[in-house]
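Residues per chain are reported as follows:
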Amino acid sequence: MTRIGRMFEERKRAGRKSLIAYLTAGDPTPERTPALVEALLRGGADLIELGVPFSDPIADGPVIQRAGERALKAGTSLRSVLEIACEIRQRSEAPLLLFTYLNPVLRYGLERLARDAAQAGIDGCLLTDASVEEAHEYIGAMHGQGLDTVFLAAPTSTPRRLELVARYSTGFVYLVSRTGVTGEQDSLSGAAAPLVRAMRAITDLPLAVGFGISKPEHVAELASQVDAVVVGSTFVRLIERNSDNPSLEIQLESFTRELKHGFGAQA
Amino acid sequence: MSPQPDSTGHFGPYGGRFVPEVLMAPIEELERAYLEARQDPAFQAELSELLRTYAGRPTPLYCAERLSKTLGGARLWLKREDLLHTGAHKINNSLGQALLARRMGKRRIIAETGAGQHGVATATVCALLGLECVVYMGTEDMRRQRLNVFRMRLLGARVAPVEAGSRTLKDAISEAMRDWVSNVGDTYYLLGSALGAHPYPMMVRDFQKVIGEEARRQMLAAEGHLPDAVFACVGGGSNAIGIFNAFLADAAVALIGVEAGGRGCALGDHATRFRGGAPGVLQGAYSYLLQDENGQVSLTHSVSAGLDYAMIGPEHALLHDQRRAEYVAASDSEALAAALQLSRVEGIIPALESAHAAAEAIRRAPAAAGKIFLINLSGRGDKDIDIYRENFPEIDQP
């Protein structure tokens, strides 16, 4: 079991929910990322998704698209994200999940990535454009190195597809709260609750909900239904607006804490 | 030869279905609806009737005698897709898919366009069928194909400018996919080339294969035998697969796909996926892709917006690996020269894309006496008049 599985087990025993924080690694620069991750962890983030920038991010809204462009311009690659992970790992035992698209991973080599990622202290991987049908080699390579493979389930997924996603996911299942790309929303879509119920009926894996979650109220609304919520674009926007501001880390930390308060007694 | 693709949408190792989970069920639904429509005589009859009475099929097969004589070698025949309504082969596919969308109960059509020909064809059929139409187009392409932007607007479509990346076809497709992810309930994505996730490469080929079926029949009627070689330009590859398909089983017929050689051999200066590209995943499919050592998709360049794309359609990747088709490149300047020659010797101003196919045939013709060449003249050059004017300043004076 990876750090992801252990984290969810411990928190479940303690009756607590988890906050998953996404940021695009390398934004604004690769050198800056470890300190930003540490700020998220100090604020109470339980798991970090390290986004590996890709030139054509079809599942991402404008905020994460811009972050990816900045990161690529700063020279970020899958290799440098592994170096970032290694640096974070020297000071933290928090679970780390790579979050990216298939092509950079194919180019790096599936077996080579699995080996290097495990060595860098990565716990698992999520590829937004790798459908379970096309993912067999990838799954084999990751599981061969003891890494988790997290897949997305969506409000459009049919019962047959939910079964596939549950079968091939390890660590947790990531439920997409609405039909859309990544990005903040004022209010949550009603699509999340039925998806959570459908997935809960077929798997014991921890369930996380993401896409469009940006406020402590959203966290509070979802806390009773799932094991974790994922917040991404809001953190990325905060980084975008404050990249030159020396208080960026403090702001990230305190905003993370605010989100975590959304869980109330289950934080 | 086994039918391509297989039941999971693969052409050998290529193709497949690489999209976010949100789109997987809708794409499965699209595949089911298409396979059903394909078997339905009423659907096929309506499509054939519209192709005949509205689009202008069959298109002529024309013997370019003056050009053949000038080159002094092979006899050149042109498949005149440029004479179709809206000026290119794209309408074959737009009509087919729009009828499918209507059958599926989708009222909103989205599309991407590079040169604007697919956008115009889609805007046209949406006007015809009374469907809402949004066309995504990179702002660089909007600049170089201004005429088509206005044509789409005149037809009632909304042209949505895309500022991301290189502001060309690739970025327009990404934006269209984001729209589709967000509006999947009522929206049909009408993809214009033999690209993307299964069933698109198969479906687009099926709607374009009428080009080759007609040309093969016409060629046999006119010459009494098949051509020695068939030439077509390849961006995503829809006109090429459309004409190649009918000749795949005719081993003696050489199939020659012409990619955009652009302005040089460096990555970023061309769109030759088989020279400098490697298999990868982009926008739903696995195929040859121009990319850097980190798996980031490269920028491409071509004077022709319709060929300016980093990936080639998956069926072409298989034909390349099987050596059933040969893929070569024509540079910007070779394509421009071919366009000028066709204009002056035959009175046909071709689209810049089609001029790439003509350029390769013109290059090979002198050494091919007694041979018959068939060129898919996939589009007309009206949309490229500004580019021709820029490149031939010496012509544009009193």
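What you are looking at is a predicted structure, and each value in this text was computed from that prediction instead of being measured. (Residues numbered from 1 in each chain as written. Chains lettered and ligands numbered in written order. Predicted model: local features only at pLDDT ≥ 70, side-chain atom pairs only at ≥ 80, totals over all residues. Heavy atoms only, no water.)

K.L.:
I'm lost on the overall build of chain B in this one. Help?
P.N.:
Each helix and strand counted, chain B has 15 helices and 14 strands in total. Since a compact globule built from 398 residues should have a radius of gyration of about 21 Å, the 19 Å found for chain B is in line with a globular shape. Taken along its principal axes, the extent of the C-alpha atoms in chain B is 55 × 45 × 45 Å. Counting all 398 residues of chain B, 66% fall into the buried class. Long-range pairs, those at least 24 residues apart, make up 74% of the contacts in chain B with a sequence separation of at least 6. Total accessible area on chain B is roughly 13,600 Å²; 52% of this is exposed by carbon and sulfur atoms. Separation between the mean location of the 41 positive side-chain charges and that of the 46 negative ones in chain B comes to 3 Å. (Helix = DSSP H or I, 4+ residues; strand = E, 2+ residues; numbered from the N terminus. Rg over C-alpha atoms; globule rule 2.2 N^0.38 Å. Buried < 20%, exposed > 50% of the residue type's maximum accessible area, 1.4 Å probe, protein only. Contact = heavy atoms within 4.5 Å. Areas by Shrake-Rupley, 256 points an atom, 1.4 Å probe, with all protein chains shown as cover. Lys, Arg positive; Asp, Glu negative; His and termini not counted. Charge placed at Lys NZ, Arg CZ, Asp CG, Glu CD.)

K.L.:
Please explain the pattern of salt bridges as it appears in this structure.
P.N.:
Think of it this way: side chains of opposite charge can pair up when their charged atoms draw near. For the structure shown, the criterion picks out 52 salt bridges over all chains. A:E93 is the salt-bridge partner of A:R3, the closest N and O atoms lying 2.8 Å from each other. Residue A:R3 is found in helix 1 (residues 3–13), and its partner A:E93 is found in the loop between helix 4 (78–89) and strand 3 (96–100); the two are separated by 90 residues along the sequence. A salt bridge links B:D269 to B:R263; the nearest nitrogen and oxygen atoms lie 3.0 Å apart. Linked by salt bridges that have partners in common, A:E133, A:R160, A:R161, B:E21 and B:E28 make up one network. (Salt bridge = Lys/Arg side-chain N within 4 Å of Asp/Glu carboxyl O.)

K.L.:
What's the story with the nonpolar core in this structure? I'm lost.
P.N.:
Generally speaking, soluble globular proteins have nonpolar side chains that are buried together. The biggest cluster of nonpolar side chains holds 97 residues, and the ones touching the most others in it are A:F172, A:Y174, B:L100, B:Y188 and B:Y189. Ranked by the residues each element gives to this core, the list is headed by helix 1 (residues 21–39) of chain B, at eight residues. What A:F172 contacts, discounting residues up to four positions off in sequence, is A:I4, A:F8, A:I20, A:L47, A:L97, A:V150, A:P206 and A:A208. Ranked by size, the runner-up nonpolar core spans 75 residues in total, among them A:L50, A:A117, A:A153 and A:V226. (Core = buried A, V, L, I, M, F, W, Y, C linked by side-chain atoms within 4.5 Å.)

K.L.:
Honestly, the interface of chain B and chain A in this entry has me stumped. Any pointers?
P.N.:
When the parts come together, some accessible area is lost, and that loss is often what is quoted as the size of the interface. Counting residues at the interface gives 37 residues for chain B, matched by 36 residues for chain A. Counting each side, the surface lost to burial between chain B and chain A is near 2,700 Å², with a carbon and sulfur contribution of 52%. If you look at where chain B meets chain A, you find four salt bridges. Here B:E21 makes a salt bridge to A:R161, at a shortest N to O gap of 2.9 Å. Linking chain B with chain A are 17 residue pairs in polar contact (both at pLDDT 80 or more). Per-element accounting of the side of chain B that touches chain A gives the leading share, eight residues, to helix 8 (residues 169–182) of chain B. (Buried area = accessible area lost by both parts, 1.4 Å probe. Polar contact = N/O pair within 3.5 Å; in protein donor to acceptor, adjacent residues only side chain to side chain.)

K.L.:
Quick question: what am I supposed to make of the pairing of strand 2 (residues 14–18) of chain B here?
P.N.:
A regular strand places its side chains so that they alternate between the two faces of the sheet. Residue and element names in this part refer to chain B. Most of strand 2 sits out of view: five of its five residues are buried. In this sheet, strand 2 lies alongside strand 1 (residues 10–11) in antiparallel orientation, the contact comprising two bridges. Bridging across to strand 2, H10 finds its partner in G15. The turn joining strand 1 and strand 2, which pair antiparallel and follow one another in sequence, is formed by two residues; a positive phi near 60° is taken by G12. Strand direction decides the pairing type here: strand 2 and strand 12 (residues 284–289), joined by two bridges, are antiparallel. Bridged to G15 within strand 12 is Y286. (Pairing = 2+ DSSP bridges.)

K.L.:
How do you make sense of the pairing of strand 14 (residues 372–377) of chain B when you look at a structure like this?
P.N.:
Residues and elements named next belong to chain B. The element strand 14 is largely enclosed, with a buried count of six among its six residues. Alternating positions in strand 14 separate into two faces, I372, L374 and N376 on one and F373, I375 and L377 on the other, with burial throughout. Direction of pairing for strand 4 (residues 75–80) relative to strand 14: parallel, over a ladder of six bridges. Following the sheet pairing, R80 is matched in strand 14 by L377. Across three bridges, the pairing between strand 9 (residues 229–233) and strand 14 is parallel. Of the residues in strand 14, the one forming a bridge with V230 is L374.

K.L.:
Honestly, the packing of helix 2 (residues 41–55) of chain B against helix 4 (residues 90–103) of chain B in this entry has me stumped. Any pointers?
P.N.:
The relative placement of two packed helices comes down to the angle between their axes together with the axis-to-axis distance. All names here are of chain B. Contact pair helix 2 / helix 4: the axes reach a minimum separation of 10 Å and the direction vectors enclose 140°. When the axis of helix 2 is compared with that of helix 4, the two are oblique. Relative to helix 4, the crossing made by helix 2 is right-handed. Contact residues: helix 2 offers F43, E46, L47, L50, L51 and A55, while helix 4 offers I91, N92, L95, G96, L99, L100, R102 and R103. Grouping the amino acids of the contact of helix 2 with helix 4 by side-chain chemistry returns nine nonpolar, two polar and three charged. (Axes fitted to C-alpha atoms, helices over the stretch in contact; angles between N-to-C directions. Parallel < 35°, antiparallel > 145°, perpendicular 65-115°, else oblique. Left-handed = near helix turned anticlockwise from the far one by under 90°. Nonpolar A, V, L, I, M, F, W, Y, C, P; charged D, E, K, R; others polar.)

K.L.:
When you look at helix 9 (residues 192–200) of chain A in this model, what are you seeing that I'm missing?
P.N.:
Helical geometry: 3.6 residues make up each α-helical turn, so side chains three or four residues apart lie on a common side. Residue and element names in this part refer to chain A. A192, L195, V196 and M199 are the residues of helix 9 that are buried. Buried residues of helix 9, seen end-on, are gathered within an arc of 100° and therefore sit on one face of the element. In this structure, the buried residues of helix 9 make contact with strand 6 (152–153), helix 8 (159–168), strand 7 (173–176), strand 8 (207–210) and helix 10 (216–223). (Arc of directions from axis to C-beta.)

K.L.:
Help me understand the sheet that holds strand 11 (residues 278–282) of chain B, please; the structure alone is not making it clear to me.
P.N.:
Hydrogen bonding along the main chain pairs the strands of a sheet, whether they run parallel or antiparallel. All names here are of chain B. The strand order 1-2-12-11 describes an open sheet built from four strands, whose pairing is antiparallel. Each of the sheet's edge strands pairs with one partner strand only, and the pair in question is strand 1 and strand 11. Set on the sheet, helix 12 (residues 314–321) makes contact with strand 1, strand 2 and strand 12; between it and strand 12 the angle comes to about 40°.

K.L.:
Sorry, what's going on with the sheet that holds strand 7 (residues 158–162) of chain B here?
P.N.:
Residue and element names in this part refer to chain B. Ordered by their spatial adjacency, four strands build an open sheet running 7-6-5-8, and the pairing between neighbours is parallel. Sheet topology places strand 7 and strand 8 (187–189) at the edges, where each strand pairs with a single neighbour. With strand direction ignored, the average angle separating the axes of adjacent strands in the sheet is 25°. Note: strand 5 (residues 108–113) against strand 6 (residues 132–138), six bridges, orientation parallel. Looking at strand 6, one finds that T113 is bridged to M137. Helix 5 (residues 117–129) rests against strand 5 and strand 6 of the sheet, and its axis sits at about 160° to strand 5. Sitting on the sheet, helix 8 is in contact with strand 5, strand 6, strand 7 and strand 8, with an inclination near 160° to strand 5.

K.L.:
Is there a simple way to think about unusual backbone geometry in this case?
P.N.:
Peptide bonds are trans in most cases, and residues, glycine excluded, mostly fall at negative phi. Following A:D27, the chain continues to A:P28 via a peptide bond in cis, the omega torsion being 0°. Tracing the backbone shows A:P28 in the loop between strand 1 (18–24) and helix 2 (33–43). Across the junction of B:H198 and B:P199, the peptide omega takes the value 15°, indicating a cis bond. Looking at the secondary structure, you find B:P199 in the loop between strand 8 and helix 9 (200–208). Even without glycine at this site, A:F211 takes up a positive phi of about 85°. Structurally, A:F211 is set in the loop between strand 8 and helix 10. Residue A:F211 is classed as buried on the basis of its relative accessible area of 8%. For B:Q283, which is not a glycine, the phi torsion comes out positive at approximately 50°. Of note, B:Q283 is situated in the loop between strand 11 and strand 12. Among the residues examined, B:Q283 registers a relative accessible area of 7% and is labelled buried.

Don't take any of this as a statement about function, it's just geometry.
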